[in-house]
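An overview of the molecular structure
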Amino acid sequence: MHMIIYALVEASTHDDALATGKSVFDRLVGADPHAGAVFDYYVMFDEEDTSVAGKERWGELPTAAPVDSDDGQDLLKRGWEATKEEFERNLERVKEALDELSDEEIMRNEDLARHAFHQVGAYDGPTVFLYNEYGNGIRHREQLDRVLEESENLWIVPADVHF
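Since this is a predicted model, take the numbers as computed values, not measurements.

Our next topic: the pattern of salt bridges. A complete count under the given rule lists five salt bridges for this structure. One salt bridge connects Arg 89 with Glu 86, and the closest N-O pair in it is separated by 2.5 Å. Here Arg 89 and its partner Glu 86 are both found in helix α3 (residues 70-100), three residues apart, which amounts to about one turn of the helix. A relative accessible area of 43% means that Arg 89 is categorised as partly exposed.

Here's what the structure looks like:
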């Protein structure tokens, strides 16, 4: 499966933002020897040599944009809304499982209940769409606000990831 994730990185130029974004995405696919793989692979939106990912799958997106620009605000909104929607969808599944299933059924992962519990608590992966420059998932609004407030030159870099 494919999804678009976004890295929020401190950078002074577009090229610096792309390079820092690449290091974030490398970390998330396990290319960094000190990080475990969260996704299988990624394609950034400046790559031309792919026929199944990036621009070819999702259309044109900015390769990187200052967060305070119109493009940056659009990408940020997309990433945050996707994170919020995925959390709410999984939280609803958890609530239903608690209301409708026995402890044994939950333990057996009936209706993928335990999977929903896991997804609600995930720190990264397919339910988290925004990441800071260290590859840490941004999971709640206060955390996002802190990243936005603490940076003077914040850029957002999208990538198509496979999981």
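Here we take up the nonpolar core. Residues Ile 5, Phe 25, Phe 39 and Val 157 are the most contacted members of the largest nonpolar core, which totals 23 residues. Take this core: its biggest share by element is five residues, from helix α1 (residues 14-28). Not counting the four nearest positions on each side in its chain, Phe 39 is found in contact with Met 3, Ile 5, Leu 28, Val 29, Gly 125, Pro 126, Tyr 131, Val 161, His 162 and Phe 163. Residues Phe 45, Trp 80, Val 147 and Ile 156 belong to the second largest nonpolar core, which totals 16 residues.

As a further point, take the pairing of strand β1 (residues 2-10). For β1, the buried fraction is high: eight of the nine residues fall into the buried class. Pairing between β1 and strand β5 (residues 154-162): nine bridges, direction antiparallel. Residue pairing for β5: Met 3 is matched across the bridge by Val 161.

Criteria and thresholds
- Residues numbered from 1 in each chain as written.
- Predicted model: local features only at pLDDT ≥ 70, side-chain atom pairs only at ≥ 80, totals over all residues.
- Heavy atoms only, no water.
- Salt bridge = Lys/Arg side-chain N within 4 Å of Asp/Glu carboxyl O.
- Helix = DSSP H or I, 4+ residues; strand = E, 2+ residues; numbered from the N terminus.
- Buried < 20%, exposed > 50% of the residue type's maximum accessible area, 1.4 Å probe, protein only.
- Core = buried A, V, L, I, M, F, W, Y, C linked by side-chain atoms within 4.5 Å.
- Contact = heavy atoms within 4.5 Å.
- Pairing = 2+ DSSP bridges.

Scope: geometric values only; no functional claims are made or implied.
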